[in-house]
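One-letter residues, chain by chain:
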Amino acid sequence: MNIYRKIINLNVNLAKLKKNGTTIGFVPTMGSLHEGHLSLLKRSKKENDVTIVSLFVNPEQFNSAVDLELYPRDELKDFKMLEEHANDIVFCPDVKEMYPKKEEHFFELDGLDSVMEGKYRSGHFQGVAKIVSKFFEIIKPNNAYFGKKDFQQAVIIKYLVKKYFKKSDINIVICDTVREPDGLAMSSRNLRLNKAQRKAAVLVSQTLFKYIKKDSKLSITDIKKKVFDTINENQYLQTEYFNIVNNETLQDIESERLEHGVTACIAVYADEIRLIDNVSV
Ligand code: PAF
């Protein structure tokens, strides 16, 4: 596995590969890898000649200095995992390499960035758009892989590519959420949960699976109440938002019944640890 920390060195290798018509799959990550990331890597390996995984904790997408500070990091463990899964190239630049100077670029994201995560994490998606655009400009992958666990991010990246990378032909592949055996969506943040919080956290996916069903007899109003009440009754959990949205516009649906083409998205605090999940109908 080749490890690059500098854009220029990665570019030299990429130029050689592209000259030979090699197809490139790209898996952007913030490290602290788990089975969810590995599923993206496996898919990319199946569909491309060469796979590049990036490991970069992007400060621009954190709106809390504490959250950034506490974000788990273990580069050597990540390298080992990637090597064991036969990844080809890892790109792990430092902050100066990706942000040599202050940038004020604003991405117009058609309001997709102002609801749900965007409402509670101001500037988050501007930060995501900034770093993903930089990676896309450097790597120009044929295919880029994102997890459905970050549903809003996936919708925004698709929009970003449609609007800002019209000529580049980058295909965005959204892969299913990988879950722990009890249903908890895999996330690097799960590492921060203590025993009691971990036990409580499973209630998030369990509640979504119980109430988000295509043939549900409950109205949207009742579903929302049941979900909020079930989760908030747990002493460790507090729901930040629970929205049932159109898959493309991310706006709350107007209908009172669950219908095809909608996704229920939730953010819950397990004490101070923020977890997100979603289930589509
Ligand atoms: O999903 C993530 O881990 C991050 O938002 C991403 C896409 C790697 C950008 O920093």
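Residues numbered from 1 in each chain as written. Predicted model: local features only at pLDDT ≥ 70, side-chain atom pairs only at ≥ 80, totals over all residues. Heavy atoms only, no water.

Enquirer: Please clarify how the sheet that holds strand 9 (residues 273–280) should be interpreted in this entry.
Expert: Paired through their backbone hydrogen bonds, the strands of a sheet run either parallel or antiparallel. Spatial strand order, 7-8-9: three strands in an open sheet with antiparallel pairing. At either end of the open sheet lies a strand with only one pairing partner, and these are strand 7 (237–246) and strand 9. The mean inter-strand angle of the sheet, taken between neighbouring strand axes irrespective of direction, is 15°. As paired strands, strand 8 (residues 262–270) and strand 9 are joined by eight bridges and run antiparallel to one another. The residue of strand 9 that forms the bridge with I266 is D277. (Pairing = 2+ DSSP bridges. Helix = DSSP H or I, 4+ residues; strand = E, 2+ residues; numbered from the N terminus. Axes fitted to C-alpha atoms, helices over the stretch in contact; angles between N-to-C directions.)

Enquirer: Which parts of the structure should I look at to understand the site of the ligand?
Expert: As a matter of local geometry, the ligand sits amid P28, T29, M30, N58, Q61, I131, F146, D150 and Q153. Between the ligand and Q153, the relevant distance is 2.7 Å, taken from an oxygen atom to a side-chain nitrogen or oxygen of the residue. When the free accessible area of the ligand is taken as 290 Å², the share hidden by the protein chains comes to 89%. Looking at the shell around the ligand residue by residue, the classes come out as four nonpolar, four polar and one charged. (Near = heavy atom within 4 Å. Polar contact = N/O pair within 3.5 Å; in protein donor to acceptor, adjacent residues only side chain to side chain. Areas by Shrake-Rupley, 256 points an atom, 1.4 Å probe, with all protein chains shown as cover. Nonpolar A, V, L, I, M, F, W, Y, C, P; charged D, E, K, R; others polar.)

Enquirer: Would you take a moment to explain the nonpolar core for this structure?
Expert: In terms of nonpolar packing, the biggest core is built from 45 residues, with L10, I52 and F136 touching the most fellow members. Here the element with the most residues in this core is helix 7 (residues 124–139); it accounts for nine residues. Counting 27 residues, the second-largest nonpolar core is a separate cluster that includes L184, A201, A264 and V279. (Core = buried A, V, L, I, M, F, W, Y, C linked by side-chain atoms within 4.5 Å. Buried < 20%, exposed > 50% of the residue type's maximum accessible area, 1.4 Å probe, protein only.)

Enquirer: Just to check I follow, could you spell out the sheet that holds strand 5 (residues 143–147) for this structure?
Expert: In space, the six strands of this open sheet follow the order 1-4-3-2-5-6, with parallel pairing throughout. Of all strands in the sheet, those bounded by a partner on one side alone are strand 1 (2–4) and strand 6 (171–175). Neighbour-to-neighbour, the strand axes of the sheet open up by a mean angle of 25°, direction not taken into account. As defined by bridge partners, strand 2 (residues 24–29) adjoins strand 3 (residues 50–55) across six bridges and the pair is classed as parallel. Residue pairing for strand 3: F26 is matched across the bridge by I52. Along the sheet, helix 4 (residues 75–84) contacts strand 1, strand 3 and strand 4 (89–91); its crossing angle with strand 3, the most-contacted strand, is approximately 165°. (Contact = heavy atoms within 4.5 Å.)

Enquirer: Explanation requested: the pattern of salt bridges in the structure shown.
Expert: Pairing is possible between side chains of opposite charge, provided their charged atoms come close. The final tally for this structure, using the stated rule, is 16 salt bridges. Across the pair E84 and K80 runs a salt bridge whose closest N-O atoms are separated by 3.4 Å. Of the two residues, E84 and K80 both sit in helix 4, four residues apart, roughly one turn of that helix. We note that E84, like K80, is exposed. A salt bridge links E104 to K102, with the nearest nitrogen and oxygen atoms 3.7 Å apart. If you follow the salt bridges from partner to partner, you end up with E117, R121, E240 and R274 in one network. (Salt bridge = Lys/Arg side-chain N within 4 Å of Asp/Glu carboxyl O.)

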